[in-house]
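Overview (structure and organization)
Take a look at the letters that make up each chain.
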Amino acid sequence: KATSIWKTMSSRQEKELLVTGHTGTTVIEIFLICLTSPIGVYFYNQVIIPHLLKGEAQKLHHTTMPVILAEFVSIHLPMIISQTIYAYSIYGFYGIITLELLLAIVLRFLVQPPSVSESVPSPSVNESMKNAMTNYRSTVSYFTFVAILAVDFPSLYPRKYVKTEITGYGLMDIGAASYIICGGLTSSYARHKPKSSIPWKKMAPLYLMGTIRLVVNKGVEYQEHVSEYGLHWNFLFTLPTIILLAACLEKYPRFVSIFIMALYQYMLSFGGLDDYIVNGARHCNTNVTFNSICTIFAANREGILGCIGYLSLYCISEDIGRYFLWTINTDSHKKDDKKVALRHSRVHLIPPLSVLLWVMHYASSYYIPASRRCTNLTFILWSLAQNITILSSLYLAALSTSRSAIKTSLPIFNAVNKNGLVIFVFANIMTGLVNLSIDTVNAGPEVAFCVVALYLAIIGVVALALQYK
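Quantities reported herein were computed from a predicted structural model and do not represent experimental measurements.

Per the secondary structure count, the protein includes 21 helices and 2 strands. When each of the 469 residues of the protein is scored for burial, the buried share is 54%. Of all intrachain contacts in the protein linking residues separated by at least 6 positions in sequence, the fraction that spans at least 24 positions is 82%. As presented, the protein carries roughly 21,900 Å² of accessible surface, and 66% of it is formed by carbon and sulfur atoms.

And the structure:
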């Protein structure tokens, strides 16, 4: 009987059912999956690049095919495998990763690195954090690229990684939050740039793309997970709304964003807002004057109210960027010549900060279950702890980079970082095209993996073409 019901469903209904009603996985499993990127970067820097150089550091260009393939195999491929093939035995997968890491550490101390001209300096702390920031932003993008397509292949992508319905921890839960944190860490306020008017030029394209996505999705009847953002809202509306609200709050003391989060959490816990978000109706049956506005709000309450939690997350990320990463360097010959740089002493406080955030998260989770749908306090603290820890890990990996690998950076990661918005839109378009042309629900795991790997390779090629055209 269940089989007959399943057969009567449309392809859209099948796909919507596959992403509905999930409770997630464990925090440690999600952390281990995300840790594949820092480990891959370390392995790339300590083993693969020195092997490729072989004493010819000046001749190997960072966009040559061996370097590009080395990045794909050592970093991107493990990011796919950890979410798919080895997802049901992540600890076994980490047995392999651990052996690779040990090999990298042993070779670092036993193998003499290739000779490099003395004019090439050792990587500074500032340079290491800049590289880590680039790799972190691209790591967020690549994990998102994998998830948004792989999730439509039930034979490949475990349902425990799908966005949670009410509470819990899902790998895909942290995607939007990670983009918010990336934006906060590198915003104008974080980098001490002068206050300016509301950045309409930055926001308008996002609102436009969000509108186009809404119209196209409704037009082709593309599958939707309504409890994610609502009936009409999407992340391309959330991001510019956060930027707008943060710009409006710049003239107020920074604790205002924390006060807003505290008030929001109070309403969630004691004001019935949590129950409204989860169980409320999608329409209003009142005779009030603004009934249409009320219905629009009810239909998109997750996306609209979620902006409150994301606003606090963005502002806290801005403060972390401003006081721990970016500062004004006045050590210049001209007193008025102020240059934004990375401060040595405070950069070292990033790893301890990640530990503090984890402690705060676990303390909060004891009383408040994490909820991506409500963007509550525990979810915000988890998102911060997870992302700052990955940034810290990438910083430590970059800090240990050998002198021979300094000029051989990650070409695909650099290209994706420089062309982030264009590549994000391109990845979403490709995801839609794959879904419209392939029966992803019934595809086997081998076919699914090949499609995802090819899709990721195409994204890398397009990013490189944009970067080095």
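Alright, that's what it looks like, and here's the rest.
This part is about the packing of helix α14 (residues 291–299) against helix α15 (residues 301–325). Relative to each other, α14 and α15 sit at 75°, their axes nearing to 5 Å. Classified by the interaxial angle, the pair formed by α14 and α15 is roughly perpendicular. Along its contact with α14, which presents Phe297, Ala298 and Ala299, the element α15 presents Arg301, Ile304 and Leu305. A class-by-class count of the residues in the contact of α14 with α15 yields 5 nonpolar, no polar and 1 charged.

Bringing the side chain of Asn135 into the picture now. With respect to the helices and strands, the residue Asn135 is situated in helix α7 (residues 125–150). Here Asn135 falls in the buried class, since its relative accessible area comes to 7%. Contact partners of Asn135, with chain neighbours within four places excluded, come to Val41, Leu394, Leu410 and Phe413.

What follows deals with the layout of surface pockets. Roughly 870 Å³ of internal volume is contained in the second largest pocket. Along its surface, the second largest pocket is lined by 34 residues, and Arg137, Gly183, Lys202, Leu239 and Ile243 are the ones closest to its centre. When contributions to the lining of the second largest pocket are tallied by element, the ones reaching two or more residues are α7, α8 (174–185), α9 (200–219), α11 (235–249), α15, α19 (411–418) and α20 (420–437). In terms of residues, the lining of the second largest pocket owes the most to one element, α11, which gives 6 residues. Along the lines of polarity and charge, the residues of the lining of the second largest pocket split into 17 nonpolar, 9 polar and 8 charged.

What follows covers the side chain of Arg373. Along the chain, Arg373 falls in the loop between α17 (350–365) and α18 (377–399). According to the relative accessible area criterion, Arg373 is buried, its value standing at 6%. One polar contact links the side chain of Arg373 to the main-chain carbonyl oxygen of Glu165, over a distance of 3.3 Å. Here the side chain of Arg373 touches Val278 through a polar contact of 3.4 Å, landing on its backbone oxygen. Residue contacts for Arg373: discarding those within four places in its chain leaves Glu165, Ile166, Ser227, Ile277, Val278, Arg282, Arg301 and Glu302.

It is worth spelling out empty space enclosed by the protein at this point. Taken as a whole and assessed by the stated rule, the structure comprises 3 cavities of 30 Å³ or more. For the second largest cavity, the calculated volume is near 60 Å³. Lining the second largest cavity are Glu228, Tyr229, Thr238, Glu302, Gly303, Gly306, Cys307, Tyr310, Arg372, Arg373 and Thr375. It is α15 that contributes the most residues to the lining of the second largest cavity, 5 residues altogether. Partitioned by chemical class, the residues of the lining of the second largest cavity number 3 nonpolar, 4 polar and 4 charged.

Our next topic: the packing of α19 against helix α21 (residues 445–467). Close contact between α19 and α21 brings their axes to 8 Å; oriented N to C, the two are set at 70°. Compared by their axis directions, α19 and α21 come out roughly perpendicular. Two secondary-structure elements touch here, α19 through Pro411, Ile412, Ala415, Val416 and Lys418 and α21 through Gly460, Ala463, Leu464 and Gln467.

So, about the pattern of salt bridges. One pass over the full model with this rule turns up 6 salt bridges. For the salt bridge of Glu228 with Lys163, the shortest nitrogen-to-oxygen distance reads 2.3 Å. Of this pair, Glu228 sits in helix α10 (residues 226–229) while Lys163 is found in the loop between α7 and α8, placing the two residues 65 residues apart along the sequence. Relative accessible area serves as the criterion here: at 11%, Lys163 is assigned to the buried category. Here Arg372 ties to Asp173 by a salt bridge, and the two come within 3.4 Å at their closest N and O atoms. Of the two residues, Arg372 sits in the loop between α17 and α18 while Asp173 sits in the loop between α7 and α8, which places them 199 residues apart along the sequence. Through salt bridges that share partners, Glu165, Arg282, Glu302 and Arg373 make up one connected network.

Criteria and cut-off values
- Residues numbered from 1 in each chain as written.
- Predicted model: local features only at pLDDT ≥ 70, side-chain atom pairs only at ≥ 80, totals over all residues.
- Heavy atoms only, no water.
- Helix = DSSP H or I, 4+ residues; strand = E, 2+ residues; numbered from the N terminus.
- Buried < 20%, exposed > 50% of the residue type's maximum accessible area, 1.4 Å probe, protein only.
- Contact = heavy atoms within 4.5 Å.
- Areas by Shrake-Rupley, 256 points an atom, 1.4 Å probe, with all protein chains shown as cover.
- Axes fitted to C-alpha atoms, helices over the stretch in contact; angles between N-to-C directions.
- Parallel < 35°, antiparallel > 145°, perpendicular 65-115°, else oblique.
- Nonpolar A, V, L, I, M, F, W, Y, C, P; charged D, E, K, R; others polar.
- 1 Å grid on protein atoms, 1.4 Å probe; cavity = no way out; pocket = protein on both sides within 12 Å on 5 of 7 lines; lining within 4 Å.
- Points joined across faces, edges and corners; volume = space filled by probe spheres on them.
- Polar contact = N/O pair within 3.5 Å; in protein donor to acceptor, adjacent residues only side chain to side chain.
- Salt bridge = Lys/Arg side-chain N within 4 Å of Asp/Glu carboxyl O.

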